[in-house]
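Next come the chains, spelled out residue by residue.
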Amino acid sequence: MSYGPNPWQQASWDWRAAVNFMAGGMGCGLIVFAALASARGMALALLMAAGLVLVALGLVAVWLEIGRPWRALHVLANWRRSWMSREAWVAMGLFGAGAAAAARWPGFPWVAAVLAIAFVYCQARILQAAKGIPAWREPWLTPFLLSTALVEGGGLFWVCATHHGAGTRPLLAVFSALVIVRMLAWL
């Protein structure tokens, strides 16, 4: 006779959790590249808005995952111990700074970029805190997810480069270096 829960090893992510990490990371990477490119005018506004939409898409996906979605505001109460709470607080700042950057307020693209990196860092720490999944215990998980987010966002930036015209050779060199860092983190 057995008492208690029957343990099982998680084999895959739910699609909503996967969308949260993929869209959130890509959106944050796009915000960072928009700031690094020193994009101006409409290009900056569109890149920032696209990055924020991706982050919002990820957060809506994870909101759909929780059993009682209207209790989502409870996540804000535990910021001292929970990386998910910290992610929520950083997300609020990111949306404010991203909107200010899109409205072309001076200095806010850099604030949004720093908050975007902090958002992805919080996401990486959420995964690392989930000790029940052996692959996430890897010490290189945080640099791997940070570099992946920057490369995905940078890739999206370069795919759209013909439309926004903010790409430069030094920025392409930064992107290439990030691809190498990402490959090293994978290995």
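Each chain carries its own residue numbering, running from 1 in the direction its sequence is written. Reporting of local features is limited, given that this is a predicted model, to residues whose pLDDT is at least 70; pairs of side-chain atoms are given and counted only at 80 or more, and all residues count toward the totals for whole chains, interfaces and linings. The basis for every side-chain value is the complete set of heavy atoms in the structure, and neither hydrogens nor water enter the calculation.

Engineer: I keep staring at the pattern of salt bridges and nothing clicks. Help me out?
Structural biologist: Once the charged atoms of two side chains with opposite charge are near each other, the side chains can pair. For this analysis, a salt bridge means a side-chain nitrogen from Lys or Arg found within 4 Å of a carboxyl oxygen belonging to Asp or Glu. What the rule picks out here adds up to one salt bridge. A salt bridge links Asp14 to Arg16, with the nearest nitrogen and oxygen atoms 2.7 Å apart. Each residue is placed in one exposure class: buried if its accessible area under a 1.4 Å probe, protein chains only, is under 20% of its type's maximum, exposed if it is over 50%, and partly exposed if it falls in between. The partly exposed category is assigned to Arg16, whose relative accessible area is 22%.

Engineer: Can you help me understand the packing of helix α2 (residues 41–65) against helix α3 (residues 83–102) in this one?
Structural biologist: Working note: a packed helix pair is described by the angle between its axes plus the distance between those axes. An axis is simply a line fitted to the C-alpha atoms; with a helix, the fit covers only the stretch in contact. Between two such axes, the angle follows the N-to-C directions and lies from 0 to 180 degrees. Where helices and strands are cited, they refer to DSSP runs of H or I of at least four residues and of E of at least two residues respectively, numbered from the N terminus. For the pair α2 and α3, interaxial distance at closest approach is 9 Å and the crossing angle is 160°. As judged from the angle between their axes, α2 and α3 are roughly antiparallel. Here α2 and α3 pass one another in a crossing that is left-handed. Every residue of α3 that contacts α2 at Leu44, Ala45, Met48, Leu52, Val55, Ala56 and Leu59 is listed here: Glu87, Ala91, Leu94, Phe95, Gly98, Ala99, Ala101 and Ala102. Lys, Arg, Asp and Glu make up the charged group, whereas Ala, Val, Leu, Ile, Met, Phe, Trp, Tyr, Cys and Pro make up the nonpolar group; the residues left over, Gly among them, are polar. The class makeup of the residues in the contact of α2 with α3 is 13 nonpolar, one polar and one charged. Orientation labels follow simple angle bins: below 35 degrees gives roughly parallel, above 145 gives roughly antiparallel, 65 to 115 gives roughly perpendicular, and whatever is left gives oblique. Less than a right angle of anticlockwise turn of the near helix away from the far helix marks a crossing as left-handed, whereas a clockwise turn marks it as right-handed. Any pair of residues with heavy atoms lying within 4.5 Å of one another is described as a contacting pair.

Engineer: How should a nonpolar patch on the surface be read in this particular structure?
Structural biologist: Like-charged residues within 9 Å of one another, or nonpolar side chains (Val, Leu, Ile, Met, Phe, Trp, Tyr) within 5 Å, are grouped into patches, provided each residue has over 30% relative accessible area and no salt bridge. With residues, only the protein chains shown are counted as cover, and all accessible areas are computed by Shrake-Rupley using a 1.4 Å probe. Nonpolar side chains collect at one region of the surface, where Ile180, Leu184, Trp186 and Leu187 lie side by side and expose about 550 Å² of accessible area between them. Looking at the element boundaries, Ile180 is found in helix α7 (residues 169–186).

Engineer: It is not clear to me how the state of the cysteines should be interpreted in this structure. Could you clarify?
Structural biologist: One covalent bond between the sulfur atoms of two cysteine residues makes up a disulfide. Disulfides are defined as cysteine sulfur pairs within 2.5 Å. The full count for this structure, using the stated rule, is zero disulfides. Cysteine Cys28 remains unbridged, with the sulfur of Cys122 as its closest cysteine sulfur at 9.9 Å. Cys122 sits in the buried class, given a relative accessible area of 5%.

Engineer: Got a minute to help me understand unusual backbone geometry in this structure?
Structural biologist: Excluding glycine, residues mostly carry a negative phi; peptide bonds, for their part, are mostly trans. Phi angles above zero are rare outside glycine, and Arg104 is one such case at about 70°. Position of Arg104 relative to the elements: it lies in the loop between α3 and α4 (108–129). Taking the relative accessible area as the measure of exposure, Arg104 reaches 47% and is therefore partly exposed.

Engineer: Explanation requested: the side chain of Gln128 in the structure shown.
Structural biologist: For Gln128, the location among the structural elements is in helix α4. Classification of Gln128 as buried rests on a relative accessible area of 14%. Of the polar contacts made by the side chain of Gln128, one reaches the backbone oxygen of Glu138; its length is 2.9 Å. Residues contacting Gln128, with those up to four places away along its chain left out, are Trp136, Arg137, Glu138, Pro139, Leu141 and Thr142. We call two N or O atoms a polar contact when they sit within 3.5 Å, provided that within protein one can donate a hydrogen and the other can accept it, with sequence-adjacent residues counted only if both atoms are side-chain atoms.

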